Amino acid sequence: MPLALLALAVGAFGLGTTEFVMMGLLPDVADDLHISIPAAGHLVSAYALGVVIGAPLLAALTARLPRRAVLISLMALFVAGNALSALAPGYDSLLAARFLSGLPHGAFFGVGAVVATNLAAPERKARSVSLMFMGLTVANIAGVPVATLMGQHLGWRATFLGVSLIGVAAMAAVFLLIHPTHAPAPTSGLRGELSALRSLPVWLALATTVVGFGALFSAYSYITPMLTDAAGYADSNVTLLLALFGVGATIGNLVGGRLADHAMRGTLFGGLVSMVAVLLLFPVLMRTEWSAALAVVLLGIAAFITGSPLQLMVMERASAGPSLASSANQAAFNLANAGGAWIGGVALAAGFGVTSPALAGAALAVLGLGVASVAYAVDRRRAVPTTVHERVVALHVPEPAETVHS
């Protein structure tokens, strides 16, 4: 695979680190700024809101620009947001800086996914997208724990300065490793990008992302109380267990990318079925420490098997203007984060037990299978290619010549 994918993975590593590290820094930030933990939690929401707004907005505003320049500019905005977070004098300014940091997140992944597919042969497109996303999953293994420890020992401001340096490294990597010919300006422009969003298959793919990953976040948002209250782990062990989730996510991401290059739709359905099975088993697996650790890994594998197929599916359904739709898929992922956490919280607040968010997630995964089935039926009616062979043939079969009538 091209070395240029490393540049995209470095950027994804930085984005993944800054997105998830705030969860581990909440007590330190709250103590330093003299605010409550719930108020500090709004810093997580501010970043997610920035992603949801920034993904389609920045993709639309940069629709006519060369994609390499767009990627560098988005990383520059990311560096600025994290540097301002480190220098924020108070809570309100930190809230604004976190929102700013989230703005380039979805657009970088969206545009980066388009560039990644340009770097690979048609039969390796899903694998190339998965290698870019590997930066995000590895961030959960190494980036987030290291950044959390840095914040605990050197102060939370040092963490954001460190993340800014990762962004600078990503800018340099994109400039040096991605050739302009692999990331040219889109030919469709803004009108073409917007026209792609009028497609029903695109919206069905986005809906599958929202519901499918909502299943993940319904359970993962409350994984800590499950591990401590149900499985009996000490609070000090939770960070290591969350790193195990990152290991599972990395495995699922790489496996999903390889499988999707052979059967994209089958990989998606297989991942969603796996999600249903794993989440239904959560109440049983959370009874002992060893099985709970296994459950965390299996959750990461099952969830991220679907990542690359969903991203590629959105891009292919919006082939006339893939950058905006690809970025919108990242906004859908963050909507899944917010919606899944809310649904899991409803189950928990209703008194159904500490593992009930996982069962709520299983119901969402079943719903995701339903949406994916509707999308499949629509594609069948429209004869959309669903295998690598069909997609390659469709790309190379010439249009029939028009018949000339006298």
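Small disclaimer: the values here were computed from a predicted structure and weren't measured.

1. Side note on the nonpolar core
For soluble globular proteins, the rule of thumb is that nonpolar side chains tend to be buried together.
Piece 1. Membership of the largest hydrophobic core comes to 55 residues, with the highest contact counts inside it found for Leu-216, Met-275, Phe-282 and Met-286.
Piece 2. Counting only elements with at least two residues in this core, the list comes to α8 (200-220), α9 (223-230), α10 (238-260), α11 (264-285), α12 (289-305), α13 (307-317), α14 (322-349) and α15 (356-382).
Piece 3. The biggest single contributor to this core is α8, with 10 residues.
Piece 4. Ranked by size, the runner-up nonpolar core spans 38 residues in total, among them Ala-12, Phe-20, Val-70 and Val-129.

2. Quick word on the pattern of salt bridges
Piece 1. Applying the stated criterion to the full structure yields 5 salt bridges.
Piece 2. The structure contains a network of salt bridges with shared partners spanning Arg-265, Glu-316, Arg-317 and Asp-379.

3. Side note on a nonpolar patch on the surface
Piece 1. A surface patch of nonpolar side chains, about 520 Å² in accessible area, is lined by Leu-3, Leu-6, Phe-175, Leu-176 and Leu-177.
Piece 2. It is helix α6 (residues 156-177) that contributes the most residues to the nonpolar patch, 3 residues altogether.

4. A look at unusual backbone geometry
Piece 1. The phi dihedral of His-34 is positive, around 60°, even though this residue is not glycine.
Piece 2. Locating His-34 in the fold gives a position in the loop between α1 (4-33) and α2 (37-61).
Piece 3. Accessibility expressed as a relative area gives 72% for His-34, which makes it exposed.

5. Structural notes on the confidence of the model for the protein
Piece 1. This prediction gives the protein a mean pLDDT of 84; 90% of its residues lie at or above 70.
Piece 2. Counting contacts from residues 386-390, a segment whose pLDDT is below 50, to residues more than four positions away or on other chains yields 11 contacts.

6. So, the packing of aromatic side chains
Piece 1. Under the defined criterion, the tally for this structure stands at 9 aromatic pairs.
Piece 2. Ring centres 6.1 Å apart and planes at 80° place the aromatic pair Trp-156 and Phe-160 in the edge-to-face group. In this pair, Trp-156 and Phe-160 both sit in helix α6, 4 residues apart, roughly one turn of the helix. We note that Trp-156, like Phe-160, is buried.
Piece 3. Ring centres 6.3 Å apart and planes at 70° place the aromatic pair Phe-245 and Phe-304 in the edge-to-face group. With a gap of 59 residues between them, Phe-245 in helix α10 and Phe-304 in helix α12 connect regions that are remote in the sequence.
Piece 4. Taking the relative accessible area as the measure of exposure, Phe-304 reaches 11% and is therefore buried.

Calculation rules
Numbering of residues starts from 1 in each chain and follows the order in which that chain's sequence is written. Only residues with pLDDT of 70 or above have their local features reported here, since the model is predicted, and side-chain atom pairs are shown and tallied only from 80 upward, although totals for entire chains, interfaces and linings are computed over all residues. Values shown for side chains rest on all heavy atoms present in the structure; no hydrogens or waters enter the calculation. Nonpolar cores were defined as sets of buried Ala, Val, Leu, Ile, Met, Phe, Trp, Tyr and Cys residues, with membership established by side-chain atoms within 4.5 Å. Relative accessible area decides the class of each residue, using a 1.4 Å probe on protein chains only: under 20% of the type maximum gives buried, over 50% gives exposed, and in between gives partly exposed. Each helix corresponds to a stretch of at least 4 residues labelled H or I by DSSP, and each strand to a stretch of at least 2 residues labelled E; elements are numbered beginning at the N terminus. Should a side-chain nitrogen of Lys or Arg be within 4 Å of a carboxyl oxygen of Asp or Glu, the pair is scored as a salt bridge. Patches in this entry comprise residues that are over 30% relatively accessible and not in a salt bridge; like charges within 9 Å are linked, as are nonpolar side chains (Val, Leu, Ile, Met, Phe, Trp, Tyr) within 5 Å. Accessibility throughout is a Shrake-Rupley quantity obtained with a 1.4 Å probe, and a residue counts as covered only by protein chains that appear here. Confidence of the prediction at every residue is given by pLDDT, a number between 0 and 100. Should any heavy atoms of two residues lie within 4.5 Å, those residues are counted as being in contact. What counts as a ring pair is set by centres within 6.5 Å for rings of Phe, Tyr and Trp (its six-membered ring), and what kind of pair is set by the plane angle: stacked under 30 degrees, edge-to-face over 60, tilted for all other angles.

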